[in-house]
Amino acid sequence: MLDFLGDLRRTHMCGALRASDAGKKAVLMGWVNRRRDHGNLLFIDLRDRTGIAQIVFNAERDAAIHEKAGGLRNEYVIAVTGTVKLRDPNTINRNMPTGEVELVAEELRILNESKLPPFLPSDTALTNEETRLKYRYIDLRRDVMQFNIETRHKVAKAIRDYLSDQGFFEIETPFMTRSTPEGARDYLVPSRVQPGTFYALPQSPQMFKQILMISGFDKYFQIVRCFRDEDLRADRQPEFTQIDLEMSYPQPERVWEVVEGFLTAAFRAAGSEIKTPFPRMDYDEAIRLYGIDKPDLRLPAFTDVRECFTPENLQELAINPNLPLIAIRTPKVSELSRKERDDIKPMFHSKGGAKIFEDFKRIANKFPEAAAAIAKKASMEEGDLIVLVAGSAQAGPQTAMPAHRKVTPQELAIYASAGLLRLALAQKYADRHGIFKKTGDPAKDFRFIWVTNFPMFEWDEGEKIWNAAHHPFTSPHEEDMKLLEAGVESLNDPQSPLSSVRALAYDVVLNGTELGSGSIRIHRQDIQSKIFRALGMTEEEARARFGFFLEALEYGTPPHGGIALGLDRIVMIIAGAESLREVIPFPKTARAVDLMVDAPTPVSDSQLKDLGIVVKK
């Protein structure tokens, strides 16, 4: 027989009881986490989102309530009234915040029963992820998931509070808008009242937030849901949450200050302090030092060790003397076995003309002076692993680049190959010595960096066209405008001046994960039209896709810029989680399926008929 809650009110959360509450009356409510039957004494661990409290049912004190409690099982929902009592000194549980006290039960109401779940929130060995996602309501009862979702709440609130205090307005933008190409597929929503037409769910509020600047709101933000129909990875979901903001009249540095401010508030709310200002690095410099545009600063940068070898050494090793010769140092790896050294070569993926020398001992034996110079230049210490990546002697001649660019296409192939290997070596060998500390660890190691001045365009070799590297509303550098104007005259040339145009774009990166991207936007219609031309759009195509936006730019648009950061990623790193699914209450699987509600599903023929849609199998 189940009981009704009636007018009974909870007085304390389970995890809030302390020794100072001894002697007080308390009403606790929650789930049965565990039961221990010791004959006349029955112990129940009662759980809510704040923690666990021990309840004692004593047969000698009240046989009826003891008998009723004997029917309790895991995950039953109960309400218990009783008196808080100090535990005997020899029964205190130092591992629980409530371990000094227990509640002596005087009344028990069984509010609901539970079937035996496929797994228990108290289980220490996790079941497979598909089962967890199918029974997400059980999974979310686990203390680690409760912590993750609470952390998410604290982080979001801190960001909202900070931006509101800085004069930003939180403004909602539409979820049902028009489809625009932004590098991934839109989720489309058919219109019933306008047959044959479709809305698109937004991949970002990009144009709307720019229009808000045109509308005079000056400072906008939104913690907003966005949607992208793309292949999933551990750090991707089809629907995700981003911290979106835009400002009028900013320099990039002003946007960075605001982001550093709200991230400081967010991390502090989660119990961590971070250092500001974040270091800043040009895109080309990041490629030259790390081989990637989202560098993980917990590992050493590259060292170019060409000068450590004589020209004769380089010729003997079939190394191109005009290309970088990169030393990758992975700290504290210790001595590798022959098999471990053999395992390094399959980890190397050449991006074009790059070659690997994984056995530094062999180099040292053959070229001792060069090896000693490399060890010194790369700051090698006892136990460090050194792997060399170089350009093949068969590589073609270098391509001339403008003075403001530091990396040629030939060099990029070497750096990119070395960058991927650097991370692979760290993940395989450095983790065993704690180089990559989990951020959930007490010794948190948060390494932020701003990566700036990205290329404005990327050449698509398959389509033989130029694409926007960031998005087509990003402003180029003022001093690169002549390159842009010259580039629109040679759109089919991969060596076009467009390859040298820099964008006023910036990414904020944490521990090798891109948290967000932003830019100063184009606020002039004439420059926006040139960008569309560079992307191969005719004026008619540009008007068809973005006509409303191009028209808006003609009505006194102020200079403006902003950024969007992934809230899910931020919380994932703070919580030390392995994937976004651990910090999103109801995520999708890697196949974009919601196992709990069984979505997506087919719909009825009548619904399709109303929408004027025919499904072809």
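1. Section: the sheet that holds strand 3 (residues 51-58)
Then, number 1: Taken in spatial order, the five strands close into a barrel running 1-2-3-5-4, and their pairing is mixed. In this sheet, adjacent strand axes meet at a mean angle of 55° when their direction is disregarded.
Then, number 2: Across two bridges, the pairing between strand 3 and strand 5 (residues 101-112) is parallel. Bridged to Ile55 within strand 5 is Leu103.

2. What to know about the packing of helix 4 (residues 143-165) against helix 16 (residues 567-575)
Then, number 1: Between helix 4 and helix 16, whose axes approach to 10 Å, the crossing angle comes to 125°. Taken together, helix 4 and helix 16 sit at an angle that is classed as oblique. Note on packing geometry: the crossing formed by helix 4 with helix 16 is right-handed. Of the residues in helix 16, those touching helix 4 at Phe147, Asn148, Thr151, Arg152, Val155, Ala156 and Ile159 are Leu567, Asp568, Ile570, Val571, Ile574 and Ala575.
Then, number 2: Considering only residue class, the contact of helix 4 with helix 16 consists of nine nonpolar, two polar and two charged.

3. Details of the packing of helix 9 (residues 338-347) against helix 12 (residues 409-428)
Then, number 1: Between helix 9 and helix 12, the shortest axis-to-axis distance is 10 Å and the interhelical angle comes to 140°. Relative to helix 12, helix 9 is oriented oblique. When the axes of helix 9 and helix 12 are compared, the crossing they make is right-handed. For the pair helix 9 and helix 12, the contacting residues are Asp343, Ile344 and Met347 in the first and Leu421, Ala424, Leu425 and Lys428 in the second.
Then, number 2: When the residues that make up the contact of helix 9 with helix 12 are grouped by side-chain class, the tally is five nonpolar, no polar and two charged.

4. Side note on the packing of aromatic side chains
Aromatic ring pairs are reported here in terms of the distance separating the ring centres and the angle at which the planes meet.
Then, number 1: Across all of its chains, the model carries 16 aromatic pairs by this definition.
Then, number 2: The interplanar angle of 90° and the centroid separation of 5.5 Å between the aromatic rings of Phe473 and Phe546 together place this pair among those described as edge-to-face. Of this pair, Phe473 sits in the loop between strand 18 (465-468) and helix 13 (481-487) while Phe546 sits in helix 15 (residues 539-553); the two residues are 73 residues apart in sequence, bridging distant segments of the chain. For the residue pair Phe473 and Phe546, the accessibility class agrees, reading buried in each case.
Then, number 3: Through pairs of rings, three or more aromatic residues link up here, namely Phe267, Phe278, Phe446 and Phe448.
Then, number 4: Sitting over the ring of Tyr135, Lys134 keeps its end group 5.8 Å from the ring centre.

5. Overview of the nonpolar core
Then, number 1: Within the largest apolar cluster, 50 residues are counted, with the highest numbers of intra-cluster contacts made by Ile344, Val389, Leu421, Leu425 and Phe457.
Then, number 2: At seven residues, helix 12 tops the list of elements feeding residues into this core.
Then, number 3: Leaving out residues up to four positions away in the same chain, Val389 has contacts with Pro324, Leu325, Ile326, Ile328, Phe348, Ala354, Lys355, Ile414, Ala418 and Leu421.
Then, number 4: Residues Val259, Leu515, Val571 and Leu580 belong to the second largest nonpolar core, which totals 41 residues.

6. Focus: helix 4
Then, number 1: Over its 23 residues, helix 4 runs 33 Å from end to end, which matches the ideal 33 Å to within 8%, given 1.5 Å per residue.
Then, number 2: Those residues of helix 4 that sit buried are Met145, Asn148, Thr151, Arg152, Val155, Ala156, Ala158, Ile159 and Leu163.
Then, number 3: Against helix 2 (129-134), helix 3 (136-139), strand 9 (219-227), strand 10 (239-248), helix 6 (252-269) and helix 16 lie the buried residues of helix 4.
Then, number 4: Remark: Gly167 follows helix 4 within two positions and exhibits a positive phi of approximately 90°.

7. Some thoughts on the pattern of salt bridges
Then, number 1: The final tally for this structure, using the stated rule, is 44 salt bridges.
Then, number 2: The salt bridge partner of Arg47 is Glu75, with a shortest N-O separation of 2.8 Å. One end of the pair, Arg47, is in strand 2 (residues 41-48); the other, Glu75, is in the loop between helix 1 (63-69) and strand 4 (77-86), and 28 residues separate them in sequence. Each member of the pair, Arg47 together with Glu75, is buried.
Then, number 3: The residue Glu285 makes a salt bridge to Arg288 at a minimum N-O spacing of 2.5 Å. Linking Glu285 with Arg288, this pair stays in helix 7 (residues 283-290), spanning three residues, or about one helical turn.
Then, number 4: Relative accessible area serves as the criterion here: at 18%, Glu285 is assigned to the buried category.
Then, number 5: Judged by its relative accessible area of 31%, Arg288 falls in the partly exposed class.
Then, number 6: It is possible to trace a salt-bridge network through shared partners that takes in Arg132, Arg136, Asp139, Arg142 and Glu582.

8. Section: unusual backbone geometry
Then, number 1: With omega at -5°, the peptide bond leading from Thr276 into Pro277 counts as cis.
Then, number 2: By secondary structure assignment, the location of Pro277 is in the loop between helix 6 and strand 11 (280-282).
Then, number 3: At the junction of Ala599 and Pro600, the peptide bond is cis and its omega measures out at 5° in the coordinates.
Then, number 4: Looking at the secondary structure, you find Pro600 in the loop between helix 16 and helix 17 (605-611).
Then, number 5: Even without glycine at this site, Glu75 takes up a positive phi of about 75°.
Then, number 6: The class for Glu75 is buried, based on a relative accessible area of 2%.
Then, number 7: A positive phi angle, close to 55°, is found at Ala318, a residue other than glycine.
Then, number 8: By secondary structure assignment, the location of Ala318 is in the loop between helix 8 (311-316) and strand 13 (325-330).

Definitions and cut-offs
- Residues numbered from 1 in each chain as written.
- Predicted model: local features only at pLDDT ≥ 70, side-chain atom pairs only at ≥ 80, totals over all residues.
- Heavy atoms only, no water.
- Pairing = 2+ DSSP bridges.
- Helix = DSSP H or I, 4+ residues; strand = E, 2+ residues; numbered from the N terminus.
- Axes fitted to C-alpha atoms, helices over the stretch in contact; angles between N-to-C directions.
- Parallel < 35°, antiparallel > 145°, perpendicular 65-115°, else oblique.
- Left-handed = near helix turned anticlockwise from the far one by under 90°.
- Contact = heavy atoms within 4.5 Å.
- Nonpolar A, V, L, I, M, F, W, Y, C, P; charged D, E, K, R; others polar.
- Phe/Tyr/Trp six-rings, centres within 6.5 Å; stacked < 30°, edge-to-face > 60°.
- Buried < 20%, exposed > 50% of the residue type's maximum accessible area, 1.4 Å probe, protein only.
- Lys NZ or Arg CZ within 6 Å of the ring centre and 35° of its normal.
- Core = buried A, V, L, I, M, F, W, Y, C linked by side-chain atoms within 4.5 Å.
- Expected span 1.5 Å × (residues − 1).
- Salt bridge = Lys/Arg side-chain N within 4 Å of Asp/Glu carboxyl O.

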